[in-house]
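Close look at the chain arrangement
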Amino acid sequence: MIQASQFLEALKANRFGFYSGTPCSYLQPFINAVIDDPQCRYLDATNEGDAVAMVCGAHLACGGQSGGGGPVAGRRGLVMFQNSGLGNAVNALTSLVYPFRFPLLLIVTHRGEPGGAPDEPQHEQMGRITTPLLDTLEIPWELFPETPEAIGPALARATAHMDGHQRPYCLVMRSGAVAPQKLQAKPSGEPIGNREFTFAENLTLPYDRRATRTDALRVVLARRQSRDVVIATTGKTGRELFSLEDHPSHFYTVGSMGSASALALGAALHLPDHRVVCLDGDGAVLMRMGNLVSVGEFSPPRFLHIVLDNESHDSTGGQSTPTAAIALGGVARACGYPEVYSLDKLEDLDALLARTPRMRGPVFVHFRIKLGSPETLGRPTIKPPQVKERLMTFIRQNGHGG
């Protein structure tokens, strides 16, 4: 058994400074230590996949470099969660982390470990398959250090793999690995009070008279500022953006559907000198709607979240989504976005985007479009690792905000 502070100090010495995850009783002492340390930043995620994406976004923003200061005294990221949540993280690990080569450290607890501490029945199967699943994911792992002497060598192996291969490394935590530690930070205790939420949709066009996604993206590009970082969701949004204009400030999120907003959030929290524009889709928002809560909670002031909603899964044949009956802007307003707009006219979108640089965000724009895309739509020809590397270079050359 080790003290949480022993492991945390070793992490800080190895330039870890950004932490995200979801709670587990095995992790409780370490999470508490991270939350109470002013040199660390812990962002609680609504699910494990979003935790992975947020840390990837932080890596983008910080350029993989050491240095910097403030509340984020490092440039490596760590994600921690219970093994039952490993399934929630598989999509982000295989279709975001793997293709783009994001290095991060995972701590996965081993609930239901065969021969280990007695546990609840829901952990039995995952307990058996946790380490085989990591092997299947091609993520090297070892047991979380349980003595002070084991901490340094374990982190040396982890960081060597992360830096050398641009891949994740996992520490599997057994029951009782870390001594208990109480959380010192407490909620304010103040009453929430009476809250009123005002929101009005401005939707007047019949479906077939709406703009296309390409039309909307042209307006977005025309209003892009020189230092904007643009993160486009998977599917036809990223493909059309690339076809209209490929730029070093663009990140085309191939795969990991729903993770673009968490990726953009992680970047925005570390880029005070850049506006981060997330180009999202209705199906993607629905898949990871919990991240709207995270954006509202952490409130990066220069975050612009644009949802292009054609009420369908366009990339897979046009199957409908239920957003025709849903006011996504109202959802975002209730989640804490201070500026929320819902509209369907191209000229209104252009006028709004002209004003957004003066707004304090996060800003949510729900723009209704119609189904369809160019018949000869191509795909990004630049490979995902190069997309990542050139965006990090763009950020470094245009004012690093870590």
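Details of the structure are given in the entry above.
Residues numbered from 1 in each chain as written. Predicted model: local features only at pLDDT ≥ 70, side-chain atom pairs only at ≥ 80, totals over all residues. Heavy atoms only, no water.

Description of the overall build of the protein chain
A count of helices and strands for the protein chain gives 14 helices and 14 strands. Principal-axis analysis of the C-alpha atoms places the extent of the protein chain at approximately 65 × 50 × 40 Å. For the protein chain, buried positions account for 53% of its 402 residues. Restricting to contacts in the protein chain with at least 6 residues of sequence separation, those with at least 24 account for 80%. (Helix = DSSP H or I, 4+ residues; strand = E, 2+ residues; numbered from the N terminus. Buried < 20%, exposed > 50% of the residue type's maximum accessible area, 1.4 Å probe, protein only. Contact = heavy atoms within 4.5 Å.)

Section: the sheet that holds strand β14 (residues 363–368)
In space, the 6 strands of this open sheet follow the order β8-β7-β9-β10-β14-β13, with parallel pairing throughout. Two strands bound the open sheet, and with one partner strand each, they are β8 (250–252) and β13 (339–343). Going across the sheet, the axis of each strand differs from the next one's by a mean of 15°, ignoring polarity. Sheet topology note: the strand β9 (residues 276–281)/strand β10 (residues 303–309) ladder contains 6 bridges and is parallel. Paired with valine 277 across the bridge in β10 is leucine 304. Contacts from helix α13 (residues 346–355) reach β10, β13 and β14 within the one sheet, and its direction differs from that of β13 by about 165°. (Pairing = 2+ DSSP bridges. Axes fitted to C-alpha atoms, helices over the stretch in contact; angles between N-to-C directions.)

Let's talk about the pairing of β10
The element β10 is largely enclosed, with a buried count of 7 among its 7 residues. Burial along β10 is two-sided: the residues Phe303, His305, Val307 and Asp309 and Leu304, Ile306 and Leu308 are all buried. Relative to β14, β10 runs parallel, the two being bridged by 6 bridges. If you follow histidine 305 over to β14, its bridge partner there is phenylalanine 364.

Quick look at the side chain of aspartate 228
Among the secondary structure elements, aspartate 228 is positioned in the loop between α7 (213–222) and β7 (229–232). Of the polar contacts made by the side chain of aspartate 228, one reaches the backbone nitrogen of glutamine 225; its length is 2.9 Å. Polar contacts involving the side chain of aspartate 228 include one to the side chain of arginine 275, which spans 2.7 Å. (Polar contact = N/O pair within 3.5 Å; in protein donor to acceptor, adjacent residues only side chain to side chain.)

Regarding the nonpolar core
In this structure, Val52 and Phe251 are the most contacted members of the largest nonpolar core, which totals 85 residues. Sorting elements by how many residues they give to this core places helix α3 (residues 48–62) first, with 9 residues. Leave out the neighbours within four places in its chain, and phenylalanine 251 touches Leu60, Leu96, Phe100, Phe102, Val230, Ile231, Ala232, Leu263, Val387, Lys388 and Leu391. Counting residues in each nonpolar core, the second largest holds 31 residues, with Ala4, Leu105, Tyr169 and Leu171 among its members. (Core = buried A, V, L, I, M, F, W, Y, C linked by side-chain atoms within 4.5 Å.)

Points about the pairing of β13
Across 5 bridges, the pairing between β13 and β14 is parallel. From the neighbouring strand, leucine 343 faces β14, where its bridge partner is phenylalanine 367. Crossover connection from β13 via α13 to parallel β14: handedness right-handed. (Right-handed = clockwise from strand over helix to strand, strands pointing away.)

Focus: unusual backbone geometry
Going from glycine 361 to proline 362, the amide bond is cis rather than trans, its omega being 5°. Topologically, proline 362 is positioned in the loop between α13 and β14. Here arginine 15, not a glycine, exhibits a phi torsion of approximately 70°, which is positive. Positive phi is not limited to glycine here, since serine 299 has a value of about 45°. In this fold, serine 299 is placed in the loop between α11 (290–298) and β10.

Side note on the packing of aromatic side chains
The full count for this structure, using the stated rule, is 8 aromatic pairs. Seen from their ring centres, tyrosine 337 and phenylalanine 364 are 5.3 Å apart, and the 75° between their planes marks the pair as edge-to-face. Taken as a pair, tyrosine 337 in the loop between α12 (328–335) and β13 and phenylalanine 364 in strand β14 lie far apart in primary sequence, 27 residues in all. Judged by its relative accessible area of 0%, phenylalanine 364 is buried. Ring pairs connect the aromatic residues Phe7, Tyr19, Phe30 and Phe144, which therefore count as one cluster. The positively charged end of arginine 111 is found above the aromatic ring belonging to tyrosine 26, 5.2 Å away from the centroid. We note lysine 388 situated over the ring of phenylalanine 102; from NZ or CZ to the ring centre the distance is 5.4 Å. (Phe/Tyr/Trp six-rings, centres within 6.5 Å; stacked < 30°, edge-to-face > 60°. Lys NZ or Arg CZ within 6 Å of the ring centre and 35° of its normal.)

Examining α13
Since the α-helix turns once every 3.6 residues, residues separated by three or four places project in the same direction. Those residues of α13 that sit buried are Leu349, Leu352 and Leu353. Axial view of α13: buried residues confined to an arc of 95°, hence all on one face. On its buried face, α13 is in contact with α7, β10, β13 and β14. (Arc of directions from axis to C-beta.)

Structural notes on the state of the cysteines
Each disulfide is one covalent bond, formed between the sulfur atoms of two cysteines. Overall, the coordinates contain 0 disulfides when judged by the stated rule. Unpaired in terms of disulfides, cysteine 24 finds its nearest cysteine sulfur in cysteine 170, a separation of 13 Å. Its relative accessible area of 5% is what places cysteine 24 among the buried residues. With no disulfide of its own, cysteine 56 lies 12 Å from the sulfur of cysteine 62, the closest cysteine sulfur. (Disulfide = S-S within 2.5 Å.)

Remarks on the side chain of threonine 253
Along the polypeptide, threonine 253 turns up in the loop between β8 and α9 (260–268). When near neighbours in sequence (up to four residues on either side) are disregarded, threonine 253 contacts Leu96, Phe100, Ile231, Ala232, Thr233, Thr234, Ala260 and Leu263.

Just distances and angles here, no functional claims.
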